[in-house]
Amino acid sequence: MSSRVVLLGPPGAGKGTQASLIAEGGAGAHIASGDLFRKHLGEGTELGALAKTYMDKGELVPDDVTIRMVLERMEEPDARDGYVLDGFPRTLEQAKALDAALEDQGRGIDAALLIEVESEELVRRLAGRWICRRCQAPYHEAFSPPRTTGCCDSCGGELYQRDDDKPDVVRARLETYERQTAPLVGYYESQGKLARVNGQQSVERVTEDLEAAFGA
Ligand code: AP5
């Protein structure tokens, strides 16, 4: 069943992992703001170069360009009936812009799902993460290794470690999350749309809990 779902949670909580599984389960298109920035970076666009200056420091890319990029992506045909938003919104400004855009279409999001994971676990996850250069699938060298080292199980693409997974940038990303994104929990709670899910379980259990939370 297609849905309009926002996945919230700190860096490394498993948003990308879960968004992709929920989207494959029929919820709709997986739209990840970080992946969109990395795509721009790979294509050498001006937006990619701008985004990199913020991503390298663990800071957020300015709201105006981020909102425009994500709302444009939401207009594409695969997102017409539903989507799972991963990493967006990340500020109150972005959340309000999303609500306003949906209100214009007489809609709203169905649920905001918060994946909760302790800080020490987040640091462990990001330090061991490898990503597919081609399809962005995430792996972990200890928790979910690929079948062949350095090679994506799904598409055969090369695996790499993100520049912003270095320990000092991870620390900055966690601080940015607490300062700018954590307030969204209250925002969605006051709309009666927030559900919390324990992210420190197996990937499969987390998926089941998330799907149950939005009635998939
Ligand atoms: P972005 O790419 O969105 O990064 P993030 O939010 O920091 O999240 P991550 O991708 O690091 O983690 P995740 O929660 O997706 O976890 P994953 O599934 O990979 O953003 C990067 C940057 O772009 C930002 O810092 C900012 O500069 C910019 N940006 C992006 N969006 C923006 C916005 N809206 N506004 C402004 N700027 C923006 O899992 C992590 C690891 O854990 C993996 O190795 C995985 O295999 C493993 N794992 C997952 N689940 C489990 C489990 N249950 N048990 C054990 N291991 C697990």
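The present account deals with the structure reproduced in this document.

1. Looking at the packing of aromatic side chains
Here is step 1 of the chain: A full pass over the atoms with the stated rule returns 1 aromatic pair.
Here is step 2 of the chain: Between Tyr187 and Tyr188 the ring centres are 5.1 Å apart and the planes differ by 80 degrees, which places this aromatic pair in the edge-to-face class.
Here is step 3 of the chain: The exposure class assigned to Tyr187 is buried, which follows from its relative accessible area of 17%.
Here is step 4 of the chain: The ring of Tyr54 carries the charged tip of Lys57 above its face, separated from the ring centre by 5.9 Å.
Here is step 5 of the chain: When the ring centre of Tyr160 is taken as origin, the NZ or CZ atom of Arg133, which lies over that ring, is 4.4 Å away.

2. Let's talk about the site of the ligand
Here is step 1 of the chain: Around the ligand sit 36 residues, and of these Thr17, Glu59, Arg90, Arg129 and Arg173 come closest.
Here is step 2 of the chain: In the model, an oxygen atom of the ligand is placed 2.7 Å from a nitrogen or oxygen of the Arg90 side chain.
Here is step 3 of the chain: When the free accessible area of the ligand is taken as 1,000 Å², the share hidden by the protein chains comes to 95%.
Here is step 4 of the chain: Looking at the shell around the ligand, the elements with two or more residues in it are helix 1 (15–27), helix 2 (33–43), helix 6 (119–127) and strand 6 (138–140).
Here is step 5 of the chain: Element by element, the count of residues in the shell around the ligand is highest for helix 2, at 4 residues.
Here is step 6 of the chain: Along the lines of polarity and charge, the residues of the shell around the ligand split into 13 nonpolar, 14 polar and 9 charged.

3. Quick look at the sheet that holds strand 1 (residues 4–8)
Here is step 1 of the chain: The strand order across the open sheet formed by 5 strands is 2-3-1-4-8, and the pairing between neighbours is parallel. A strand with exactly one partner marks an edge of an open sheet, and here the two such strands are strand 2 (29–32) and strand 8 (194–198). For this sheet the average axis-to-axis angle between neighbouring strands, irrespective of direction, equals 25 degrees.
Here is step 2 of the chain: Pairing of strand 2 with strand 3 (residues 83–86), which is carried by 4 bridges, proceeds in the parallel orientation. Bridge pairing in strand 3 links Ala29 to Tyr83.

4. Details of helix 2
Here is step 1 of the chain: Those residues of helix 2 not exposed but buried are Ser33, Leu36, Phe37 and Arg38.
Here is step 2 of the chain: Residues of helix 2 that are buried make contact with strand 2, helix 3 (46–55), helix 4 (63–74), strand 3 and strand 7 (159–160).
Here is step 3 of the chain: In the stretch just after helix 2, Gly44 is the one whose phi turns positive, near 70 degrees.

5. Description of the packing of helix 2 against helix 4
Here is step 1 of the chain: Two numbers describe how helix 2 lies on helix 4: the axes approach to 11 Å, and their chain directions differ by 100 degrees. Classed by the angle they form, the pair helix 2 and helix 4 counts as roughly perpendicular. Along its contact with helix 2, which presents Ser33, Leu36, Phe37 and His40, the element helix 4 presents Thr66, Met69, Val70 and Arg73.
Here is step 2 of the chain: For the contact of helix 2 with helix 4, the class distribution of residues is 4 nonpolar, 3 polar and 1 charged.

6. A few points about the sheet that holds strand 6
Here is step 1 of the chain: With respect to topology, 3 strands assemble into an open sheet ordered 6-5-7, the strand pairing being antiparallel. What marks the edges here is a single partner per strand, and that holds for strand 6 and strand 7.
Here is step 2 of the chain: Here strand 5 (residues 129–132) runs beside strand 7; their pairing, made up of 2 bridges, is antiparallel. When the sheet's bridge partners are listed, Ile131 is paired in strand 7 with Tyr160.

7. Digging into the state of the cysteines
Here is step 1 of the chain: Applying the stated rule across the entire model yields 0 disulfides.
Here is step 2 of the chain: For the unlinked cysteine Cys135, the closest cysteine sulfur is that of Cys152, found at 3.7 Å.

8. Comments concerning the nonpolar core
Here is step 1 of the chain: Val6, Leu8, Ile31, Met74, Leu85, Leu98 and Tyr188 are the most contacted members of the largest nonpolar core, which has 31 residues in total.
Here is step 2 of the chain: Per-element tally for this core: the top contributor is helix 4, with 5 residues.
Here is step 3 of the chain: Discounting chain neighbours no more than four positions away, the residues touching Leu98 are Val6, Leu71, Met74, Leu85, Phe88, Pro89, Ile109 and Tyr188.
Here is step 4 of the chain: Ranked by size, the runner-up nonpolar core spans 20 residues in total, among them Ala13, Val84, Ala111 and Val206.

Conventions adopted
Residues numbered from 1 in each chain as written. Predicted model: local features only at pLDDT ≥ 70, side-chain atom pairs only at ≥ 80, totals over all residues. Heavy atoms only, no water. Phe/Tyr/Trp six-rings, centres within 6.5 Å; stacked < 30°, edge-to-face > 60°. Buried < 20%, exposed > 50% of the residue type's maximum accessible area, 1.4 Å probe, protein only. Lys NZ or Arg CZ within 6 Å of the ring centre and 35° of its normal. Near = heavy atom within 4 Å. Polar contact = N/O pair within 3.5 Å; in protein donor to acceptor, adjacent residues only side chain to side chain. Areas by Shrake-Rupley, 256 points an atom, 1.4 Å probe, with all protein chains shown as cover. Helix = DSSP H or I, 4+ residues; strand = E, 2+ residues; numbered from the N terminus. Nonpolar A, V, L, I, M, F, W, Y, C, P; charged D, E, K, R; others polar. Pairing = 2+ DSSP bridges. Axes fitted to C-alpha atoms, helices over the stretch in contact; angles between N-to-C directions. Contact = heavy atoms within 4.5 Å. Parallel < 35°, antiparallel > 145°, perpendicular 65-115°, else oblique. Disulfide = S-S within 2.5 Å. Core = buried A, V, L, I, M, F, W, Y, C linked by side-chain atoms within 4.5 Å.

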